[in-house]
Amino acid sequence: MASDMQRKAFYEQLANGLDGLREQGLYKPERVIASRQGAEVVCDDGRKLINLCANNYLGLSGDEAMVRAAVEATEKYGYGLSSVRFICGTQTVHKELEHALSDFLGTEDTILYAAAFDANGGVFEPLFDEQDAIISDALNHASIIDGIRLCKAARYRYQHNDMADLEAQLQAAAGKRHKVIVTDGVFSMDGTIAQLDRICDLADRYGALVMIDECHASGFMGKTGRGTHEHHGVMGRIDIITGTLGKALGGAMGGFTSGRREVIQTLRQKSRPYLFSNSLAPAIAGASLEVLGRLSASTELRDRLHANTAYFRAAISESGFTIKPGTHPVVPVMLFDAPLAQKFAQRLYELGVLVTGFFYPVVPMGQARVRVQLSAAHTREQLDKALAAFRQAGQELGLLNN
Ligand SMILES: *Cc1c(COP(=O)(O)O)cnc(C)c1O
């Protein structure tokens with residue numbers, strides 16, 4: 001038991017830290033939504049907003065068929081398992097989802113986790129040790145970085161998306177037993193798509209494995225939405241795929257790792273977030289099966305998402321905003337200056353558009369932005385209303401190039 005003095009010092013230190021964040025403008029407030037997630041949301045202040053900042057790429061988060069599928073799975077399989085998978089937490093719905101994900105991704109087997117954060121946190125340590133090398137893109141997601149930290153393999157970092165540096169790091173790792181290149185399939189801050197064709201070629205040349213994190217790709221990248229590996233024509237050349245059920249694939253929560261049978265079986269035996277954390281709720285497993293069925297039957301949602309993305313990207317550029325070029329539904333609208341990005345997001349909120357300002361340390365210094373994320377659920381009318389609000393706020397703040 002800490003003495004009163006010690007306890008007081010502890011809480012004071014936390015309070016000072018929080019004050020410091022507020023003073024530096026780095027404190028992250030949370031908007032409270034009182035409705036379902038969707039193309040439009042209602043906040044707790046009663047304001048109705050067009051939502052341009054969810055990872056709701058296919059518009060399924062608040063979708064009626066998803067809610068029904070979740071209810072049906074709950075009625076059939078119950079509310080929860082009160083168990084990890086290997087004790088008594090595996091139901092037929094979990095096995096069906098693992099098979100459906102493997103079919104969708106073009107892999108042999110899949111293991112479910114409570115989150116992609118856990119999938120990445122638990123993938124490296126069981127598969128690689130001090131004799132091996134992990135070669136990781138400098139801008140990979142925090143959960144990859146944490147997962148690598150938990151593993152004893154030698155670490156090599158290559159400059160973001162820099163194939164010459166990746167090659168140099170592969171050469172530096174030459175003496176190692178197994179080498180694995182790890183990259184986000186799509187990088188969420190810029191919408192940058194990893195050059196998987198070139199990465200797979202380098203992997204072949206240097207005898208390395210390839211792992212991709214498909215959180216911002218599964219369900220809509222590639223012709224039939226399988227992911228970045230389909231987009232780049234390298235299906236079958238990727239060794240390990242991690243991804244989330246919490247973004248395009250329904251938006252609730254849950255993650256997975258997919259790949260060769262030997263990899264997945266090893267993870268079931270040794271991956272700590274799988275062995276020591278509860279089974280995915282049956283509602284999520286059942287509703288995720290509904291998503292994969294829908295995506296396998298039709299590319300309509302994926303096609304609508306890409307049409308909305310092309311429309312918004314063209315219109316926002318024509319309006320005189322600076323965006324990062326690309327094709328992904330993540331559209332970074334560049335403000336460069338952090339306070340300006342916050343002011344712009346606040347003005348858009350007043351004008352009925354929900355976006356969030358991103359600034360250092362989430363993005364590099366001087367690269368502050370508002371990140372727009374398109375959804376298949378957005379109607380043209382909603383996008384036009386949002387674009388009008390962008391133009392008005394942009395004019396008021398003097399942001400437009402023309
Ligand atoms: C969102 C995200 C994660 C975490 O996914 P959760 O399922 O929410 O834990 C991991 N990696 C990347 C690249 C992400 O964008």
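Quick look at the structure, then. (Residues numbered from 1 in each chain as written. Predicted model: local features only at pLDDT ≥ 70, side-chain atom pairs only at ≥ 80, totals over all residues. Heavy atoms only, no water.)

## Observations regarding the nonpolar core
And step 1. Formed by 86 residues in total, the largest nonpolar core has its most connected members in Leu52, Phe312, Val372 and Phe390.
And step 2. Examining the composition of this core, we find that seven residues originate from one element, helix H12 (residues 282-297), more than from any other.
And step 3. Aside from chain neighbours lying at most four places away, what touches Leu52 is Phe312, Val353, Leu354, Val355, Arg371, Val372, Gln373, His378, Leu383, Ala386 and Phe390.
And step 4. One finds Ala119, Ile144, Cys151 and Val182 within the second-largest nonpolar core, a separate group that totals 19 residues. (Core = buried A, V, L, I, M, F, W, Y, C linked by side-chain atoms within 4.5 Å. Buried < 20%, exposed > 50% of the residue type's maximum accessible area, 1.4 Å probe, protein only. Helix = DSSP H or I, 4+ residues; strand = E, 2+ residues; numbered from the N terminus. Contact = heavy atoms within 4.5 Å.)

## Some thoughts on the environment of Tyr57
And step 1. One can find Tyr57 in the loop between strand E2 (48-51) and helix H2 (64-77).
And step 2. Its relative accessible area of 0% is what places Tyr57 among the buried residues.
And step 3. On a C-alpha basis, the gap between Tyr57 and Gly121 in space is 24 Å, while along the polypeptide they are 64 residues apart.
And step 4. Here the side chain of Tyr57 touches His216 through a polar contact of 2.7 Å, side chain to side chain. (Polar contact = N/O pair within 3.5 Å; in protein donor to acceptor, adjacent residues only side chain to side chain.)

## Some thoughts on a nonpolar patch on the surface
And step 1. Residues Phe10, Tyr11 and Leu14 make up a contiguous nonpolar surface patch of roughly 320 Å² in combined accessible area.
And step 2. Mapped onto the secondary structure, Tyr11 falls in helix H1 (residues 4-23). (Patch = residues over 30% accessible without salt bridge, like charges linked within 9 Å, V, L, I, M, F, W, Y side chains within 5 Å. Areas by Shrake-Rupley, 256 points an atom, 1.4 Å probe, with all protein chains shown as cover. Salt bridge = Lys/Arg side-chain N within 4 Å of Asp/Glu carboxyl O.)

## As for unusual backbone geometry
And step 1. The residue after Tyr360, namely Pro361, is reached through a cis peptide bond having omega 10°.
And step 2. Structurally, the position occupied by Pro361 is in the loop between strand E14 (357-358) and strand E15 (368-373).
And step 3. The phi dihedral of Ser82 is positive, around 50°, even though this residue is not glycine.
And step 4. Among the residues examined, Ser82 registers a relative accessible area of 73% and is labelled exposed.
And step 5. Here Asn161, not a glycine, exhibits a phi torsion of approximately 65°, which is positive.
And step 6. In this structure Asn161 comes out as partly exposed when scored by relative accessible area, which is 23%.

## With respect to the site of the ligand
And step 1. Neighbouring the ligand are 13 residues; Ala116, Asp213, His216, Thr244 and Lys247 lie closest to it.
And step 2. Phe117 has a polar backbone atom sitting 2.9 Å from an oxygen atom of the ligand.
And step 3. Here a nitrogen atom of the ligand and a side-chain polar atom of Asp213 are 2.6 Å apart.
And step 4. For the ligand, the accessible surface in isolation is 380 Å², of which the surrounding protein chains cover 82%.
And step 5. Considered class by class, the residues forming the shell around the ligand number four nonpolar, six polar and three charged. (Near = heavy atom within 4 Å. Nonpolar A, V, L, I, M, F, W, Y, C, P; charged D, E, K, R; others polar.)

From the geometry alone we can't say anything about function, so treat these as descriptive.
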